[in-house]
Amino acid sequence: MDNHRMEVSVAAAQFCPLPANTLEQTIMPPHPHSGKWMVTAPAESDLRRGNYSLADIISIDDLQNLQDSFAKANRVASTIINLDGSPITSFSNYSAVCALVRQTEKGNANCARSGRILGELSLQGQQPACHFCHSIGFMDAAAPIVIDGVHLANWLIGQNCIGTVDAERVAAYAEEIGANKRQLLAAFDSMEKISEKEFRDKLDFLWLMANQISNQAYQHLRYQTMLVSLEQSKEELTVYKDKLEELVNQRTAELEKAIEKIQQISITDALTGCFNRGGINSNLPREIKRARRYNNPLSILLFDLDHFKKINDTYGHQSGDTVLQQVVATIQPLVRDGVDWLARYGGEEFLLVMPLTSRAEGRFVAERLRQAIADISLACVEEQVSITASFGITGIDSWEGIDTISHETLLQSADNYLYRAKKGGRNQVVSGPLVINSQD
């Protein structure tokens, strides 16, 4: 077989050509059992046409071993090449005659011309082509490997056949191309020879084998492509899942923050920024339970700004709002941050809850707050306005004998002492023990 096949620019090896007018006569008939020569495979929608090579569907090492065994067992030269003529496999069972021919300029050109014609036949017909090479007259053949309409490669075989080339032809051709006649004849004498029928039978066998191999390899490629696609989909799903979880966590955090803000707004007095009545109802029961669980003292005080209605009536509600804001701003620094908490009980009335504080200590705090409020002086409509507040205090120093108590009872008790402070002349502090209703 002529090794110059590696150098062609079409789709086959460089086998020796026949004249152009004999091309139609060189195409081998289809195998009687296959009905066609094309090595095809089922269409696969996920394999884009032409987006793979022979090396993608079968190991080249395995292909080389198979080719070597085929060439040796069938006494033919063989190789597999790409469409551009570059070798995919190395030559198997190579002929010494072809090597000597190819060493001459003219013999090399004849081999190239022959190979181009055989390659064109194989490519255009997409079926095996067989002819006697013009270079010296050996029988050569190319079987195309076509999968899903894509011509991937050509499997080439060649050999001298009995009756096609004799010693006289070899000697004449040696003189024609300027080769060493003695060496060429010696190589020819040692060359194995087979009949044309046997050669064609071997080509039939090559076709069947290539068809099975290509189909099996193509199925393997399909499975590999599916596995890759599944892995990619799995990775994409994992990334999507992670991003979705991240987005859900982000949205959940934003929602929780929004809910927390709404809840905070719902229990916060918009004017003064301290707790409102909702905040009292939410937090005071918890303070009572905590104090009872650990047997800690708890005191509360209610205070009311004296004659506050007069400020609203005289200077307007905006001035009244300013007074309320100033009172809260004055008191907040005087209580324990994170322990005591202030709430607007309603109108001009405020509640201060003091955990871990006895009633006596609560009275001391109330006196200090009363004085701080009395020291406030505000400009209302170009007049300086002073204010005072009345305080009612109650609490629990010890929980002994007290099973349960409602926050309403605690508030009612403080409100009673506040009422006494108002009745007693205002701007004063009245404290007393918790008065428990029969319902508690």
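Structural data are supplied above this passage.
A quick note: this is a predicted structure, and the numbers were derived from the prediction, not measured.

Draft legend 1. Layout of the overall build of the protein. Along the protein, the regular secondary structure elements total 12 helices and 12 strands. Counting contacts in the protein only where the partners sit at least 6 residues apart, residues at least 24 apart contribute 72% of the total. Summed over all atoms, the accessible surface of the protein reaches about 22,500 Å², with 50% contributed by carbon and sulfur.

Draft legend 2. Examining a nonpolar patch on the surface more closely. Residues Tyr-240, Leu-244, Leu-247 and Val-248 make up a contiguous nonpolar surface patch of about 380 Å² in total accessible area. Inspection of the secondary structure puts Leu-244 in helix H7 (residues 196–266). The partly exposed category is assigned to Leu-244, whose relative accessible area is 40%.

Draft legend 3. Focus on the packing of aromatic side chains. By the definition in use, this model includes five aromatic pairs. Taken together, a centroid distance of 6.1 Å and an interplanar angle of 70° make the contact between Phe-70 and Trp-155 edge-to-face. Of this pair, Phe-70 sits in helix H2 (residues 60–74) while Trp-155 sits in strand S4 (residues 150–161), and the two are 85 residues apart along the sequence. Like Phe-70, the residue Trp-155 is buried in the burial classification. Where Phe-70 meets Phe-205, the ring centres are 5.8 Å apart and the plane angle is 10°; that geometry is what we call stacked. Of this pair, Phe-70 sits in helix H2 while Phe-205 sits in helix H7, and the two are 135 residues apart along the sequence. What makes Phe-70 buried here is its relative accessible area of 4%. Residue classification places Phe-205 among the partly exposed positions, given a relative accessible area of 42%. Taking the ring centre of Phe-188 as reference, the NZ or CZ of Lys-193 above it sits at 4.5 Å.

Draft legend 4. Structural context of the pairing of strand S1 (residues 77–82). Taking burial as the measure, the six residues of S1 include five buried ones, the bulk of the element. As defined by bridge partners, S1 adjoins S4 across six bridges and the pair is classed as antiparallel. Each residue of the ladder has a partner; that of Ile-80, found in S4, is Trp-155.

Draft legend 5. Structural view of the side chain of Arg-344. Counting through the fold element by element, Arg-344 comes out in strand S7 (residues 341–346). The class for Arg-344 is buried, based on a relative accessible area of 17%. A polar atom in the side chain of Arg-344 sits 3.4 Å from the side chain of Asp-269. Beyond its immediate stretch of four places on either side in the chain, Arg-344 contacts Asp-269, Leu-271, Cys-274, Phe-275, Asn-276, Arg-277, Ile-280, Leu-324, Glu-349 and Phe-350.

Draft legend 6. Up close: helix H5 (residues 167–177). For H5, the full list of buried residues reads Val-170, Ala-171, Tyr-173, Ala-174 and Ile-177. Down the axis of H5, the smallest arc covering the buried residues is 165°, so these residues share one side. Exposed side of H5, more than 90 degrees from the buried face: Glu-168 and Glu-175 are the residues found there. At its buried positions, H5 is contacted by helix H3 (96–102), helix H4 (105–125) and helix H6 (181–189).

Draft legend 7. Focus on the packing of H2 against H7. Close contact between H2 and H7 brings their axes to 12 Å; oriented N to C, the two are set at 160°. Put simply, H2 runs roughly antiparallel to H7. For the crossing formed where H2 meets H7, the hand is right-handed. Note on element contacts: H7 touches H2 through Lys-202, Phe-205, Leu-206, Met-209 and Ile-213, opposite Leu-66, Phe-70 and Asn-74. Tallied by class, residues from the contact of H2 with H7 come to six nonpolar, one polar and one charged.

Reading guide: rules and limits
- For every chain, the first residue of the written sequence is number 1, and numbering continues from 1 along that sequence.
- Where totals are concerned, whole chains, interfaces and linings use all residues; where local detail is concerned, this predicted model gives features only for residues with pLDDT of at least 70, and gives and counts side-chain atom pairs only at 80 or more.
- Remark: hydrogens and water are excluded; side-chain values derive from all non-hydrogen atoms of the structure.
- Only runs of H or I of at least four residues qualify as helices and only runs of E of at least two qualify as strands under DSSP, and these elements are numbered from the N terminus.
- We call two residues in contact when some of their heavy atoms are within 4.5 Å.
- Here the Shrake-Rupley method, with its probe set to 1.4 Å, supplies the accessible areas, and only the displayed protein chains count as covering residues.
- Two distance rules govern patches: like charges are joined within 9 Å, and nonpolar side chains (Val, Leu, Ile, Met, Phe, Trp, Tyr) within 5 Å, applied only to residues with over 30% relative accessible area and no salt bridge.
- For salt bridges, the criterion is a side-chain nitrogen of Lys or Arg within 4 Å of an Asp or Glu carboxyl oxygen.
- Burial classification: accessible surface area is computed with a 1.4 Å probe over protein chains only, and a residue below 20% of its type maximum counts as buried, one above 50% as exposed, and the rest as partly exposed.
- Aromatic rings from Phe, Tyr and Trp, with only the six-membered ring used for Trp, were paired whenever their centres fell within 6.5 Å, and each pair was classed as stacked if the ring planes differed by under 30 degrees, edge-to-face if by over 60, and tilted otherwise.
- By definition, being over a ring means that NZ of Lys or CZ of Arg is both within 6 Å of the ring centre and within 35 degrees of the ring normal.
- In this analysis, strands are considered paired if DSSP registers two or more bridges between them.
- Counting of polar contacts relies on pairs of N or O atoms within 3.5 Å, with two restrictions inside protein: one atom must be capable of donating a hydrogen and the other of accepting it, and residues adjacent in sequence are counted only when both atoms are side-chain atoms.
- What the arc covers is the set of directions going from the helix axis to the C-beta atoms.
- Angular values range over 0 to 180 degrees, each being the angle between N-to-C directions of two axes fitted as lines to C-alpha atoms, with helices fitted over their stretch in contact.
- Roughly parallel refers to an angle under 35 degrees, roughly antiparallel to one over 145, roughly perpendicular to one between 65 and 115, and oblique to any angle outside these ranges.
- Crossing handedness: left-handed means the near helix sits turned counterclockwise from the far one by under a right angle, and right-handed means the same turn made clockwise.
- Asp, Glu, Lys and Arg are counted as charged, while Ala, Val, Leu, Ile, Met, Phe, Trp, Tyr, Cys and Pro are counted as nonpolar; the rest, among them Gly, fall into the polar class.

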